[in-house]
Amino acid sequence: MKTQEYIELEERYGAHNYHPLDVVLTRGEGVWVYDVDGRRYLDCLSAYSAVNQGHVHPKILAAMQEQAKKITLTSRAFRNDQLALFYKELSDLTSYEMSLLMNSGAEAVETALKLARKWAYQVKGVPRYEAEIITCAGNFHGRTITTISFSTEPLYRDDFGPFTPGFITVPYGDAAAVEKAITPNTAAVFLEPIQGEGGVIVPPTGYLSRVAELCKKNNVLLIADEIQTGLGRTGKLFACQHENVHPDVTVVGKALSGGFYPVSAVLADRALLGLFTPGEHGSTFGGNPLAAAIARAALKVIVEERLVERTVEVGNYFIEQLSEIPSPHVKEVRGKGLLIGVELKHESGGARRFCEALQDKGILAKETHEHVIRFAPPLVIDKETIDWALAHIREVLNME
Ligand SMILES: *Cc1c(COP(=O)(O)O)cnc(C)c1O
């Protein structure tokens, strides 16, 4: 079958909740993906940072195959021999004492919010059902009813109310606004260290450390959503580390499995995660042995291949080179590590047509909001490949 036939089938039988580029992928290897017509592309999206380790990483694949032959799902009604080891390795790597495993990112976010509420009632002494959680405008934390309840994007929420109460929105990047919003009932401040889906919005230097300070001073939890920014993407294991901030709770997902399987986790110390008691929360697939074996291998690849360190080097180079491109369309280049946004001027007609032009040249990037092209290739990319991409990006950013 050819590209057009797949597209027609998909459009006919599948819900149209995405607007993908017209490319039908069938194979991936490292930073490259291949379509059904045999064309090769550089993946500059990395499945929203889920394939930081590169497509079909051989070591993660081997771990998956090995485990799949043994046992895949036990449910948490019984223990399994992969979960314990994964907990331990995740703790060693992140220096959080404990973790709780879920599947999708949105589920881990919901878990962290439940934890914050429970802490507010059991530890902080907030009157029951009066806990407030402060969130930021422009956020993206998933697609569940609760996570869209505090979205500020009309497309994500307008037709889906009524909404979950208990959330307060403040402008992103404004620590004074957080300070003003804190009340005796505030359980947590919940934010992304860089807003990925929001258009690669990097907050002002000092913002995260100031918010962390405010949280400490007011007995409020700081919860960081590092589902997209974590695990090396920005040139640190966690983006909060750019400001030496260690949030009370960090939520990870996406690259936790290197793209093989949905695995997410809530990371925190015992004083917090120890609050959950048996039966209060769970997931049939959460912490299953296949997920744990895959995630163990995925973390090992990040460490053994020094992906965090490599990202600093190639990321700085990529940002620098993009910034130097003379173009009538570019308004701003921003980002950290290999999470890069190129914002186009509004009169340039939107980022979509530039993404389509890049596709013609063998580069897959996706517009983020209307005017931003996100460049977030797998962290295993090398300088040579970046140079190859830059040559094409220069051309596209100078088209009519
Ligand atoms: C992708 C993402 C999520 C949601 O993860 P899913 O696995 O799609 O549910 C939440 N927060 C951030 C910051 C994300 O980038």
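Please read all numbers here as calculations on a predicted model, not as lab measurements.

I'd like a description of unusual backbone geometry, backed by residues and values.
The omega torsion of the bond from Gly161 to Pro162 falls at 0°, within 30 degrees of zero and hence cis. Summarising the element assignment, Pro162 is placed in the loop between helix H7 (154-157) and strand E6 (167-170). We note that Tyr48 has phi near 55°; this positive angle belongs to a residue other than glycine. With respect to the secondary-structure elements, Tyr48 resides in helix H2 (residues 46-49). Residue Tyr48 is classed as partly exposed on the basis of its relative accessible area of 26%. One non-glycine residue, Ser49, lies in the positive phi region at around 80°. Along the chain, Ser49 turns up in helix H2.

For the site of the ligand, give the residues involved together with the corresponding values.
Neighbouring the ligand are the residues Ser104, Gly105, Ala106, Phe140, His141, Gly142, Glu192, Asp225, Ile227, Gln228 and Lys254. Contact distances for the ligand include 3.3 Å between a nitrogen atom and a backbone N or O atom of Phe140. Asp225 is positioned such that a nitrogen or oxygen atom in its side chain is 2.6 Å from a nitrogen atom of the ligand. In isolation the ligand has 380 Å² of accessible area, and contact with the protein removes 80% of it.

Before we move on, could you go through the side chain of Thr186 and cite the residues and values that matter?
Assignment of secondary structure puts Thr186 in strand E7 (residues 186-191). Overall, the relative accessible area of 0% leaves Thr186 in the buried class. At 2.7 Å, the side chain of Thr186 forms a polar contact with the backbone nitrogen of Thr183. For Thr186, the residues in contact, after removing those within four places along its chain, are Lys124, Glu132, Ile134, Ala181, Asn219 and Val220.

So what about the packing of helix H12 (residues 307-323) against helix H14 (residues 383-396)? Which residues, and what values?
Across the interface, H12 lies against H14 with an axial gap of 11 Å and an inter-helix angle of 20°. It follows from the interaxial angle that H12 and H14 lie roughly parallel. Considering only the axes of H12 and H14, their crossing is right-handed. Residues Val314, Tyr317, Phe318, Gln321 and Leu322 of H12 form the contact with H14, whose participating residues are Lys383, Ile386, Asp387, Leu390, Ile393 and Arg394. Partitioned by chemical class, the residues of the contact of H12 with H14 number seven nonpolar, one polar and three charged.

Just give me the short version of the state of the cysteines, but keep the residues and values in it.
Counted by the stated rule, this structure contains zero disulfides. Cysteine Cys355 shares no disulfide, and the gap to the nearest cysteine sulfur, in Cys44, comes to 9.9 Å. Classification of Cys355 as buried rests on a relative accessible area of 0%.

An account of the sheet that holds strand E14 (residues 366-368) is requested, with residue identities and associated values reported.
Pairing within the open sheet is antiparallel, and its four strands lie in the order E11-E12-E15-E14. Of all the strands in the sheet, just strand E11 (330-336) and E14 have a single pairing partner and so form its edges. For this sheet, the mean inter-axis angle between neighbouring strands, taken without regard to orientation, is 30°. Looking at chain direction, strand E12 (residues 339-344) and strand E15 (residues 372-375) are connected through four bridges and run antiparallel. Its bridge partner lying in E15, Glu343 is registered against Val372.

I'd like to hear about the packing of aromatic side chains, residue by residue, with values.
The relation between two aromatic rings is expressed through the spacing of the ring centres and the mutual angle of the planes. Per the stated rule, a full pass over the model turns up seven aromatic pairs. Ring centres of Trp32 and Trp388 lie 5.4 Å apart, and the angle between their planes is 70°; on these two criteria the pair is classed as edge-to-face. Taken as a pair, Trp32 in strand E2 (residues 32-35) and Trp388 in helix H14 lie far apart in primary sequence, 356 residues in all. Taking 5.6 Å as the distance between ring centres and 75° as the angle between the ring planes, the aromatic pair formed by Tyr172 and Tyr207 counts as edge-to-face. One end of the pair, Tyr172, is in the loop between E6 and helix H8 (175-181); the other, Tyr207, is in helix H9 (residues 207-217), with 35 residues separating them in the sequence. The pair formed by Tyr172 and Tyr207 is uniform in burial state, with each residue classed as buried.

Cut-off values and rules
Residues numbered from 1 in each chain as written. Predicted model: local features only at pLDDT ≥ 70, side-chain atom pairs only at ≥ 80, totals over all residues. Heavy atoms only, no water. Helix = DSSP H or I, 4+ residues; strand = E, 2+ residues; numbered from the N terminus. Buried < 20%, exposed > 50% of the residue type's maximum accessible area, 1.4 Å probe, protein only. Near = heavy atom within 4 Å. Polar contact = N/O pair within 3.5 Å; in protein donor to acceptor, adjacent residues only side chain to side chain. Areas by Shrake-Rupley, 256 points an atom, 1.4 Å probe, with all protein chains shown as cover. Contact = heavy atoms within 4.5 Å. Axes fitted to C-alpha atoms, helices over the stretch in contact; angles between N-to-C directions. Parallel < 35°, antiparallel > 145°, perpendicular 65-115°, else oblique. Left-handed = near helix turned anticlockwise from the far one by under 90°. Nonpolar A, V, L, I, M, F, W, Y, C, P; charged D, E, K, R; others polar. Disulfide = S-S within 2.5 Å. Pairing = 2+ DSSP bridges. Phe/Tyr/Trp six-rings, centres within 6.5 Å; stacked < 30°, edge-to-face > 60°.

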